[in-house]
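Each chain, written out:
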Amino acid sequence: MLSLVCGVAMMSECRADDELQPLSYNNPGLVVDLGVGLWAWPVPCDADGDGDFDLIVSCPDKPSNGIWFFENTTGDTSGNKFPVFRAARKLSSTVHYVMPSYVDGGMRVLTPGFEYSDFVQTGLEKRTALPVSAKFYKPEGTQPKGPKVRHNQWRYTDFDGDGALDLVVGIEDWSYYGWDDAWNENGEWTNGPLHGFVILFHNDGSSDKPKYADPVKVSTADGSPVDVYGCPSPNFEDFDGDGDLDLLCGEFLDGFTYFENTGTRRKPAYAAGRRLTLTDGSRLTMDLEMIVPVAFDWDRDGDFDLVVGDEDGRVALVENTGRFTPDHAPVFNAPKYFQQEADTLKCGALATPVGFDWDGDGDTDIVSGNTAGYVEFFENLSGPGVEFPAWAAPVRLKAGGEVFRVMAGPNGSIQGPAEAKWGYTTLSIADWDGDGLPDILTNGIRGAVQWLKNIGTRHQPELAEPQPVTVDWDGDVPRPSWVWWTPSENQLVTQWRTTPNAVDWNNDGLMDLVMLDHEGYLCLFQRVRDDGTLKLRPPQRLFHGVNVSETDSKHGISNRTPGPLRLNRSSAGGSGRRKIWITDWNGDGRSDLLVNSTNANLLLQVGDSRQAPWEFEDKGPLVKQNIQGHTTSPTTVDFNGDGIPDFIGGAENGRFYYFRNPRTEAKPATTANVQYEFIYETAPFPQCHASTIAETSEGLVAAWFGGTREKNPDVGIWVSQKRNGQWTVPVEVANGIQYSDGDGKIHRHPCWNPVLFQPATGPLMLFYKAGPSPQQWWGMLTTSVDSGQTWSEPRRLPENILGPVKNKPVQLADGTIVCPTSTETDEDKSKWQVHFEVTRDLGRTWTRIGPVNDGIEVQAIQPSILFAGPGKMLAIGRSRQNRIFRVASDDGGKTWGPLTLGTLPNPNSGTDAVTLKDGRHLIVYNHVPGDPKRWGGKRTPLNVAVSEDGTSWNAALVLEDEPGEYSYPACIQTTDGLVHITYTWKRQRVRHAVIDPSKLSLQPIVDGEWPATVVKQ
């Protein structure tokens, strides 16, 4: 009976906070496929002595190495062939090639050279050496380079019925195969085959005192050796019920070969091997390869079934039907995988996860590839803000209506035909074609990058058939020198098993590709729009490494000196294999790299990142813990909703390991004047713009519009609150769905320019626009009585009332709210006018004042209102005339004077301003001139200036000055005197900056020139 003591390790082991933790399903009652790590070696038996069959599984991989016990608590398998097993418990560590032998009414367990007398109690802790060397086998003849023997499977059997247990060994001989890069130009393997021999050590003594003869190969009746395609897993049992022992073998790939004993029990003679079949006559194959079958009467019906371990750690029952083919081979049912109580998430082997809200419900799911070539979706069931969510069982994604799977096939792997069933999918998720829906880019075993276009909806994705990603090559299509096949026109073929990172690297609104090129350099494949067509330009080696070290003895980062970042300089089978994730790990506004290693090495972007080349410094692994095995695959998530990216590493065992980012806030700027943070790190929308911020009794609230890109119908209004020092996960609170535009149909329009305003009394107000364009939009209003947690049903404002068009209203002493607003009335956008809207009853009734300009001589929009003294107001804002406009009122906003141009430059981009408690005025804007002949302009740098009178300005801060868009600021001063600013950061995120205005050091702005000594803070 198996004795399990308290404290035995579970498959989901507890870790310290500073270590990696496997993600648990947290879903009681959920049942998933039973599985260990990479490669399952099953030992079916009654391990706990309760009369039913349990499963013990040996797993030799790195993170899950061990002898694992799966308890059957359902009962006898004669009545229930597929019990739900309990989650695994670990008995001991393990070694390769653990094999059971069912002899003399019991079970004995061997590995090469050793037997384990107390296996069901202690695993491999107690062993006895056998009188045969584990390295007895010597290949014959002359062989090419490469390993000689890999799989070495030892079992007992009474081969010839003489009563003494003989030793049989399955040998996988790679000496002729050579392993790597042996294809000719026609895709033919020029090395030898992979061999799987069965070796007999005849016992000339007794079972108790064995005396083994020299090894001989078991042969068929014609004298040729039994030889299958590697990993023979020999099973000597009476499969046909005629009283002698037949031989059934597995192989390195996916099939089974049966050698019928046509001799006698005492004098075996084996017929030529035949492939096993199913009831319909088709071949019996497993889903994956590296299979390990163990013959065992699982259902107690008197015939031998097969309990088969698969490469991804699952175990299947292949049930013997009791029927035979006309040539006397047993017939089996199709494999069916055993189930267990769900413990930790698992995606096959060598999992390659991506954190992404795949179903569009606002939380972060996981989509992952694996060695088998599948892509699987793990749905987050807990919603946003839960650090350790509950999860649904994985679902394999379909493309073109069929389960998507990349497979090498007979000649698609550089390492030869033995890898026919592997796919090694790596992936990223992004809106590749700009239609507002997330697509998937995959790479795999062939190095051919594919695009799976989403033709469904945001909440119900559906993938089309894969199509190749193409590059606008300047000449011949480059490919790794070892790729024997010819790519199609413009096809992207690069190194195998490396991540294709779809990312808008240069912040131009187009999705680029960052990945290894055919020589192993990390490159930018820039996306451009040419005559309305999206094209991918040839790669540029613009990523450089500084002090990059060898991080991984097998496939390490290669740079030892500064220069282009070459993440793998190896060739053929040693090439590629780099799993890369792009994220701002330390919150400094620069994109860093996480690259697979023992967990993941942080390549921190350093230096001036405003222009290429971009420099990275290898900071080493995130943690000391090693989950590597073959490889890891990094991604980031923000399950807890704190706006900070946390690490998930896919490991060799197929599990996902979580590590919380140790930083709690974005790093402060170079001086104490400004503190920065991102309101969110990841979100279910690719672009954002036009943020707004307000202070409530419960804290700060921010909003912005987010979606595919500005003007897309999927753009909605998103809100986040700052609670207990952290921003909550963004939630969409409004969209542009209209149930009738006069035609009785449902329409969806984009949303625009939210504006938050907290009156002195009354609910928090959220104004926004909806409609197809700024020329056709209309005003909307929703309110919140709980500081932004819940919102009322949005209502449309009266005709000709828009509400504040971009910047916050102001409230007068009598409670009157004055909203600064504007219109862009002509389709050619040539008439921009400023006006004001007044409400005295929190938005129920309105009065319109203006416009205050003709909109032609000075084209102005998006004013901010300042207080210039008793009864005096000043409005300043955006114009198309290269400068910020100004217009004044001496009667509290009832009438306004002429609109003129001020002294500060403006590139036709939004501004915001606020009158501080000390009477000064503060403006946030892009201090760069525009071009009246062009729409928009350069939107960097982003500056802060201060004025005593609203006319003469002093330079205070540079918030951003790197390439990219930093625009549409909003600013308020809170009750503690601090100034809070939000703005668009590269259209990817909303950044929040906090300033203490009392500490600002000011320098005059003369003739519109920004002082060179005022640098980025």
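Only a predicted model underlies this, so the values are computations on that prediction, with no experimental measurement involved.

## A few points about the overall build of the protein
And then number 1: Helix and strand counts for the protein stand at one helix and 80 strands.
And then number 2: The C-alpha extent of the protein, read off along each of the three principal axes, is 115 × 60 × 55 Å.
And then number 3: The 1017 residues of the protein split such that 61% are buried.
And then number 4: Expressed as a percentage of contacts within the protein between residues at least 6 apart in sequence, the contacts between residues at least 24 apart total 53%.

## Comments concerning the nonpolar core
And then number 1: Core analysis: the biggest nonpolar cluster contains 62 residues, and Trp358, Val367 and Ile440 have the highest contact counts within it.
And then number 2: Broken down by secondary-structure element, the contributors of at least two residues to this core are strand 29 (352–356), strand 31 (375–378), strand 35 (426–430), strand 48 (600–606) and strand 52 (656–659).
And then number 3: With three residues, strand 48 is the single largest residue contributor to this core.
And then number 4: For Ile440, the contacting residues outside a window of four places in its chain are Trp358, Val367, Val375, Leu397, Leu427, Ser428, Ile429, Gln450, Trp451, Leu452 and Leu463.
And then number 5: Val914, Leu922, Leu957 and Leu959 belong to the second-largest nonpolar core, a separate cluster that totals 22 residues.

## A closer look at the sheet that holds strand 2 (residues 31–33)
And then number 1: Pairing is mixed in the open sheet, where three strands are placed in the order 2-28-6. The open sheet has two free edges, formed respectively by strand 2 and strand 6 (84–85), since each of these has just one partner strand.
And then number 2: By the bridge criterion, two bridges tie strand 6 to strand 28 (residues 339–341) in an arrangement that is parallel. In the strand pairing of strand 28, Phe85 is matched with Gln340.

## What about the side chain of Ser787?
And then number 1: In this fold, Ser787 is placed in the loop between strand 63 (778–784) and strand 64 (795–796).
And then number 2: With a relative accessible area of 9%, Ser787 lands in the buried category.
And then number 3: Here Thr696 takes part through its side chain, which lies 3.3 Å from a polar atom of the side chain of Ser787.
And then number 4: In contact with Ser787, other than residues within four places in its own chain, are Thr696, Ser697, Glu698, Val701, Gln721, Arg723 and Leu764.

## A closer look at the pattern of salt bridges
And then number 1: For the structure shown, the criterion picks out 41 salt bridges.
And then number 2: Between Asp588 and Arg590 there is a salt bridge, with its nearest N and O atoms 3.1 Å apart.
And then number 3: Accessibility expressed as a relative area gives 19% for Asp588, which makes it buried.
And then number 4: The salt bridge partner of Lys619 is Glu617, with a shortest N-O separation of 3.7 Å.
And then number 5: Note on Glu617: relative accessible area 23%, which makes it partly exposed.
And then number 6: Put simply, Asp33, Asp287, Asp312, Arg314, Glu376, Arg396 and Arg405 are held in one network by salt bridges that share partners.

## Quick look at the confidence of the model for the protein
And then number 1: In this model, the protein carries an average pLDDT of 91, and 93% of its residues clear a pLDDT of 70 or more.
And then number 2: Long-range and interchain partners of residues 1–17, a stretch whose pLDDT sits below 50, account for 42 contacts in this model, where long-range means more than four residues apart.
And then number 3: Between residues 666–672, whose pLDDT stays under 50, and residues either more than four places distant or in other chains, the model counts 12 contacts.

## Details of the pairing of strand 42 (residues 527–530)
And then number 1: Two strands pair when backbone bridges link them, and strand 42 and strand 43 (residues 533–536) are joined in this way by four bridges, in the antiparallel orientation. Considered in strand 43, the bridge of Arg527 is made with Leu536.
And then number 2: In this structure, the hairpin formed by strand 42 and strand 43 is closed by a connection of two residues, where Asp531 is found at a positive phi of approximately 55°.

## Concerning the sheet that holds strand 71 (residues 883–889)
And then number 1: A sheet is described by the order of its strands in space; here four strands give the open sequence 69-70-71-72, paired in antiparallel fashion. The strands lining the two open edges of the sheet, one partner per strand, are strand 69 (860–869) and strand 72 (900–905). Across the sheet, the axes of successive neighbouring strands diverge by a mean angle of 30°, strand direction being ignored.
And then number 2: Taken together, the eight bridges between strand 69 and strand 70 (residues 872–879) define a ladder with antiparallel strand orientation. Paired with Ala860 across the strands is Ser879, a residue of strand 70.

## Let's talk about the pairing of strand 22 (residues 292–296)
Successive side chains on a regular strand alternate, one facing one side of the sheet and the next facing the other.
And then number 1: Counted residue by residue, strand 22 has five buried out of five residues, so it is predominantly covered.
And then number 2: Residue alternation in strand 22 divides its side chains into two sets, Val292, Val294 and Phe296 and Pro293 and Ala295, and both sets are buried.
And then number 3: Judged from the five bridges that link them, strand 22 and strand 23 (residues 305–309) form a sheet pairing that is antiparallel. Bridge pairing in strand 23 places Phe296 opposite Asp305.

Cut-off values and rules
Residues numbered from 1 in each chain as written. Predicted model: local features only at pLDDT ≥ 70, side-chain atom pairs only at ≥ 80, totals over all residues. Heavy atoms only, no water. Helix = DSSP H or I, 4+ residues; strand = E, 2+ residues; numbered from the N terminus. Buried < 20%, exposed > 50% of the residue type's maximum accessible area, 1.4 Å probe, protein only. Contact = heavy atoms within 4.5 Å. Core = buried A, V, L, I, M, F, W, Y, C linked by side-chain atoms within 4.5 Å. Pairing = 2+ DSSP bridges. Polar contact = N/O pair within 3.5 Å; in protein donor to acceptor, adjacent residues only side chain to side chain. Salt bridge = Lys/Arg side-chain N within 4 Å of Asp/Glu carboxyl O. pLDDT = per-residue confidence, 0-100. Axes fitted to C-alpha atoms, helices over the stretch in contact; angles between N-to-C directions.

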